[in-house]
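What follows is the residue order along each chain.
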Amino acid sequence: MNKRHSKVLIILALGLFLGITSSIGDILPFGSAFFIVGGFLNTASVWCLSAFAVGTNFKSRRYAIIVPISFLVLSILGYYIFGYFWGDRSEVPVITLVATSLSWMFIALFVGALCGLSGMIAKHSRDIKKRMIAVTVPMVIIITESIISLIQLLPYLSTNSSNFIPFLILSILILVALSIPFFVYRNKRISLYNMILGLILSIVGALVLMGISTI
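Here goes a summary of the coordinates provided. Just so we're clear, the structure is a prediction, and the values are computed from it rather than from any experiment.

1. Some words on the packing of helix α6 (residues 128-153) against helix α7 (residues 164-184)
Point 1. Taken N-terminus to C-terminus, the directions of α6 and α7 make an angle of 165 degrees; their axes are 9 Å apart at the nearest point. Classified by the interaxial angle, the pair formed by α6 and α7 is roughly antiparallel. In the packing of α6 onto α7, the handedness of the crossing is left-handed. Seen from α6, the contacting residues are R131, V135, P138, M139, I142, I143, S146, I147, S149, L150 and L153; seen from α7, they are P166, F167, L170, S171, L173, I174, A177, L178, I180, P181 and V184.
Point 2. Residues belonging to the contact of α6 with α7 are distributed by class as follows: 18 nonpolar, three polar and one charged.

Put into structure tokens, the structure is as follows:
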């Protein structure tokens, strides 16, 4: 087995592990730290960050698309299969589980391809404009989702101390997203410009989505 195939197998195993871990979180006491963390493992932010990170491992466009998609699909399968046999999904009709998992797999096709390809371009492309666009993609998705969730969570911080756990996780996700350019570029000035660009677009995106939701 060559090095690339070994890398692919490890990545796919991690995808399966991600889904199982999230499913285990569902059966833990409601509101506990591990329950909340488990819930975050299947968010758009974690999906995008994972697919982006997987994509950086490949120079091949085909691998940068197929492997992240497979990573997410295995995560979905691990989540529902574990939940059905050992978790809290045993009472849900099989047809419902199949339909739900297929709908998430359809989303995984888009997210895995977009963020995986972005990871490959960000890491291996020589075109700085393409790299900046590629780095901005996961940043905007992660920060936009996190900002909206933080705003929704703020009124409840004073009512329940356990709400500080998701608040902390969301804050960390934003910091991770903002730091992506600094891991991609050697030039700190370009990293700063890309970070500012991603932050501005994310704030605009969050405002637009919140505005649409109130219509």
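There's plenty left to go through after this.
2. Description of helix α4 (residues 61-85)
Point 1. Here α4 spans 36 Å end to end across 25 residues, near enough to the 36 Å set by a 1.5 Å rise per residue.
Point 2. Among the residues of α4, the N-terminal cap falls to S60, whose side-chain oxygen and the backbone nitrogen of R62 are separated by 3.3 Å.

3. Topic: the packing of aromatic side chains
Point 1. Counting across every chain of the model gives six aromatic pairs.
Point 2. Ring geometry for F82 and W86: centres 5.5 Å apart, planes at 40 degrees, overall tilted.
Point 3. On the accessibility criterion, F82 (17% relative accessible area) is buried.
Point 4. Owing to a relative accessible area of 59%, W86 belongs among the exposed residues under this scheme.
Point 5. Centre to centre, the rings of F85 and W86 are 5.7 Å apart; their planes meet at 50 degrees, and the pair counts as tilted.
Point 6. Look at F85 and you get exposed, because its relative accessible area is 58%.
Point 7. Ring pairing ties together the aromatic residues F82, Y84, F85 and W86, which thus form one cluster.

4. Here's the deal with a nonpolar patch on the surface
Point 1. On the surface, a cluster of nonpolar side chains totalling about 800 Å² of accessible area is made up of F182, L192, Y193, I196, I200, V204, V208, L209 and I212.
Point 2. Sorting elements by how many residues they give to the nonpolar patch places helix α8 (residues 188-213) first, with eight residues.
Point 3. The partly exposed category is assigned to L192, whose relative accessible area is 38%.

5. Structural notes on the environment of A113
Point 1. On the secondary structure map, A113 appears in helix α5 (residues 94-124).
Point 2. Look at A113 and you get partly exposed, because its relative accessible area is 21%.
Point 3. When the C-alpha positions of A113 and P155 are compared, they lie 36 Å apart, and in sequence the two are 42 residues distant.
Point 4. When neighbours within four sequence positions are excluded, A113 is seen to be in contact with I65, I69 and A108.

6. Some points on the packing of helix α3 (residues 44-55) against α5
Point 1. Packing of α3 against α5 leaves a shortest axis separation of 7 Å and a crossing angle of 45 degrees. Classed by the angle they form, the pair α3 and α5 counts as oblique. You can see that α3 and α5 cross each other, and the crossing is right-handed. Residues W47, C48, A51, F52 and G55 of α3 touch α5, and the partners they reach there are W104, I107, A108, V111, G112, C115, G116, S118, G119, M120 and A122.
Point 2. Classifying every residue of the contact of α3 with α5 by side-chain character gives 11 nonpolar, five polar and no charged.

About the thresholds
Going along each chain's sequence as written, the residues are numbered from 1 onward. Two thresholds apply to this predicted model, a pLDDT of at least 70 for residue-level local features and 80 or more for giving and counting side-chain atom pairs, whereas whole-chain, interface and lining totals are computed over all residues. As a convention, hydrogens and water are excluded, and side-chain values are obtained from all of the structure's heavy atoms. Fitted lines through C-alpha atoms serve as axes, helices being fitted only where they are in contact, and the angles separating the N-to-C directions of these axes extend from 0 to 180 degrees. Under the scheme used here, helices are H or I runs from DSSP no shorter than 4 residues and strands are E runs no shorter than 2 residues, and both carry numbers assigned from the N terminus. When describing relative orientation, an angle under 35 degrees is termed roughly parallel and one over 145 degrees roughly antiparallel, while 65 to 115 degrees is termed roughly perpendicular and anything else oblique. For a crossing to be left-handed, the near helix must be turned anticlockwise from the far one by less than a right angle; the clockwise case is right-handed. The criterion used for residue contact is that any of the two residues' heavy atoms lie within 4.5 Å. Note on residue classes: Ala, Val, Leu, Ile, Met, Phe, Trp, Tyr, Cys and Pro are nonpolar, Asp, Glu, Lys and Arg are charged, and everything else, Gly too, is polar. In a helix, the anticipated span is given by 1.5 Å times the number of residues less one. Polar contacts, as counted here, are pairs of nitrogen or oxygen atoms within 3.5 Å of one another; within protein the pair requires one atom able to donate a hydrogen and one able to accept it, and residues that are adjacent in sequence qualify only if both atoms are side-chain atoms. Two rings belonging to Phe, Tyr or Trp (six-membered ring only in the last case) form a pair when the distance between their centres is within 6.5 Å. Interplanar angles under 30 degrees mark stacking, angles over 60 mark edge-to-face geometry, and anything in between is tilted. A simple rule labels every residue: compare its accessible area, found with a 1.4 Å probe on the protein chains alone, to the largest value its type can have, and call it buried under 20%, exposed over 50%, or partly exposed in between. Here a patch means residues that are over 30% exposed by relative accessible area and free of salt bridges, tied together within 9 Å if like-charged and within 5 Å if nonpolar (Val, Leu, Ile, Met, Phe, Trp, Tyr). Note on areas: Shrake-Rupley, 1.4 Å probe, and residue coverage restricted to the protein chains presented here. A carboxyl oxygen of Asp or Glu within 4 Å of a side-chain nitrogen of Lys or Arg is what we treat as a salt bridge.

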